[in-house]
Amino acid sequence: MSSPPSGTRTEQPPLVSLVLQSKKALQHGEQLCSKANSLTNASAQCAVDVLALDAKVKWVSEAVIEQLKLAATVAKSIELRRSQLERRIREWDTIRSQHTTALDSILEALGTQLVPPDFHQTSSDSSLFGSQESIDKPNGIIDPRLSPTATVRDDQLGRKTRQNVDRSKWKTLRDFVDEAAIEDVLDAVEGERTRLDDIMASTYHYPETLSNAVASIRASLPVSGAYPPINPILSIQEHTTIDMAKHLESLTEHYEQMASALHDSETGEVFSEEDMKEMNRDTEELPAIMSELEDNVKEIEAAHEKLLTAKATAKEKLDTSSSILDDLDELGEIMSDMLEKQQEVEEDCEDVIEGLQQRLQVVEELRHRYVLYQSSFNKLLIEIARRRQYREAAEKIVEGMIGQLRAMAEEERQVRDDFNADHGAHIPADLCLCIENPPTRWDVVPFPGDVRETLPEIDSDLLTQAREKLSTGDVIFPGTDSL
């Protein structure tokens, strides 16, 4: 810079203005940098808070997940215990089906086996030879209807008559079964089985409820680390503050130059036009620098806002985690109640199943009773047939004896008549009066006090069926032995 000639000194208000602009720019720049520094420090603390909150959220989430695994294990345990009970119940149902099917089979078999009417209709004559009172007749003659010969004739006549009997009206063995008692037993079994379903239904929803609760809590867990990248944000702030520091340094340097120039001007130094243009040009760049500083502050503010948002999000997640912990505590109480209730259900089911086993034993006893009933009836038919053979054999012997006695008596009478005809006229009438007596006539009658045996009539085809059932074991149905 050169001094102007004496007498040509000019006023330089533009220099003062430039100094004022530089000072104002510097002050504003210092304010922006101070604000940026405060925001940067706040951002750093905010970043620390975000990381701390995120760590807490992560810790809580991991703890909750471990508890949820336990809850899921409890749900599977309850489901497994229910499955074991259900398997036992299905096994019981299978055995019950076998028992009831076997009982139905024997009852159906009883319903197909006819019972001859003579087995249950009252007979007018229950003795083979009739009443003993018929022996002594006023005329001493035996009622011919009471003789064995008459009995055989009656049986033969009965067989001929029965050939055309309508069997559709005959009763079956099932007609003599107490159906009401059987229904009472089966109804009791069904009632207990329904009670078992009701007990099981009380905890039916437990596994699904626990699984849904676990899934709901797991889905509501906040995701750790779901924030904007912190390191890049802090890095951007660092680079921005460095740039701002450089701008502030430039502003300070510019201001110092302008202040020095003003001081020189005040001491009388005169600046050339070129120097003034340069200082004006430097001052004109101040707005651009200030604009960059303001933009830098905005960048730092934006970064700070991101961190504040991340912190608020982390805080919200932590609050949510605390609420989840409350839900988890409530779930724990619910699980305890469920486990206690499940234990009660298992104990009740054990009692009911034990009772059902006993009731099935009653059903099996009924089946066995009616199997023996059918078997004994078939043997009864055969026994009646055997007794009929015995009776007929005895009657045949009696019939032969009667015929022989009658022939002997007739022969004896003829001999006596011939003797009396030849010698009776020569013997005094008062001598040996018995010589005129005819021979004693004899008949065979039941033992005193006994009555003639009357047996039910059994058709030959029924006897054949009975023998076939007993020989093939049809009265025992397949599969019932294993019960």
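Here the structure is shown first, and the text comes after it.
Residues numbered from 1 in each chain as written. Predicted model: local features only at pLDDT ≥ 70, side-chain atom pairs only at ≥ 80, totals over all residues. Heavy atoms only, no water.

A.B. asks: Describe empty space enclosed by the protein, with residues and values.
C.D. replies: Within the structure shown, the criterion is met by two cavities of 30 Å³ or more. Volume-wise, the second largest cavity comes out at about 50 Å³. Gln-113, Leu-114, Asn-378, Leu-381, Leu-462, Gln-465, Ala-466 and Lys-469 are the residues that line the second largest cavity. Counting residues per element, the ones that place at least two in the lining of the second largest cavity are helix H7 (286–423) and helix H8 (460–472). Residue contributions to the lining of the second largest cavity peak at four residues, all from H8. (1 Å grid on protein atoms, 1.4 Å probe; cavity = no way out; pocket = protein on both sides within 12 Å on 5 of 7 lines; lining within 4 Å. Points joined across faces, edges and corners; volume = space filled by probe spheres on them. Helix = DSSP H or I, 4+ residues; strand = E, 2+ residues; numbered from the N terminus.)

A.B. asks: Before we move on, could you go through helix H3 (residues 179–201) and cite the residues and values that matter?
C.D. replies: For H3, built from 23 residues, the straight-helix expectation of 33 Å at 1.5 Å per residue is met to within 8% by its first-to-last C-alpha distance of 33 Å. Those residues of H3 that sit buried are Ile-182, Val-189, Arg-193, Leu-196, Ile-199 and Met-200. (Expected span 1.5 Å × (residues − 1). Buried < 20%, exposed > 50% of the residue type's maximum accessible area, 1.4 Å probe, protein only.)

A.B. asks: Give a description of the environment of Asp-104 that names residues and reports values.
C.D. replies: Relative to the helices and strands, Asp-104 resides in helix H1 (residues 13–112). Looking at Asp-104, the relative accessible area reads 38%, which means it is partly exposed. As for Asp-104 and Arg-367, which are separated by 263 residues in sequence, their C-alpha atoms are 8.4 Å apart.

A.B. asks: I'd love a proper account of a nonpolar patch on the surface, names of residues and values included.
C.D. replies: A cluster of nonpolar residues, Phe-419, Ile-427, Leu-431 and Ile-435, forms a patch on the protein surface that exposes about 310 Å² of accessible area. The residue Phe-419 is located in helix H7 in this model. Residue classification places Phe-419 among the partly exposed residues on the basis of a relative accessible area of 35%. (Patch = residues over 30% accessible without salt bridge, like charges linked within 9 Å, V, L, I, M, F, W, Y side chains within 5 Å. Areas by Shrake-Rupley, 256 points an atom, 1.4 Å probe, with all protein chains shown as cover. Salt bridge = Lys/Arg side-chain N within 4 Å of Asp/Glu carboxyl O.)

A.B. asks: Lay out unusual backbone geometry in plain terms, naming residues and giving numbers.
C.D. replies: Positive phi values are uncommon outside glycine, yet Cys-432 reaches one of about 55 degrees. If you trace the backbone, Cys-432 turns up in the loop between H7 and H8.

A.B. asks: Describe the pattern of salt bridges, naming the residues involved and giving the relevant values.
C.D. replies: Across all of its chains, the model carries 22 salt bridges by this definition. Residue Arg-81 pairs with Glu-346 through a salt bridge whose shortest N-O separation is 2.6 Å. Taken together, the positions of Arg-81 in helix H1 and Glu-346 in helix H7 put the pair 265 residues apart, joining distant regions of the chain. When its relative accessible area of 16% is taken as the criterion, Glu-346 is described as buried. Residue Arg-167 is joined to Asp-461 by a salt bridge in which the shortest nitrogen-to-oxygen separation is 2.7 Å. With a gap of 294 residues between them, Arg-167 in the loop between helix H2 (148–162) and strand S2 (171–172) and Asp-461 in helix H8 connect regions that are remote in the sequence. Residue classification places Arg-167 among the partly exposed residues on the basis of a relative accessible area of 25%. With relative accessibility at 30%, the residue Asp-461 sits in the partly exposed group.

A.B. asks: Give me the lowdown on the packing of aromatic side chains, citing residues and values where you can.
C.D. replies: Centre-to-centre distance and the angle between the planes together describe a pair of aromatic rings. One pass over the structure, following the stated rule, counts two aromatic pairs. Aromatic pair Phe-119 and Phe-377: ring centres 5.8 Å apart, planes at 55 degrees, arrangement tilted. Placement of the pair is Phe-119 in the loop between strand S1 (114–115) and H2 and Phe-377 in helix H7, with a sequence separation of 258 residues. Taking the relative accessible area as the measure of exposure, Phe-119 reaches 22% and is therefore partly exposed. Relative accessible area serves as the criterion here: at 7%, Phe-377 is assigned to the buried category. (Phe/Tyr/Trp six-rings, centres within 6.5 Å; stacked < 30°, edge-to-face > 60°.)

A.B. asks: Outline a negative patch on the surface, listing residues and values.
C.D. replies: Together, Asp-326, Asp-327, Asp-329, Glu-330, Glu-333, Asp-337, Glu-340, Glu-344, Glu-347, Asp-348, Asp-351 and Glu-354 make up a region of like negative charge exposed at the surface. Within the fold, Asp-326 resides in helix H7. When its relative accessible area of 51% is taken as the criterion, Asp-326 is described as exposed. (Lys, Arg positive; Asp, Glu negative; His and termini not counted. Charge placed at Lys NZ, Arg CZ, Asp CG, Glu CD.)

These values are about where atoms sit, not about what they do.
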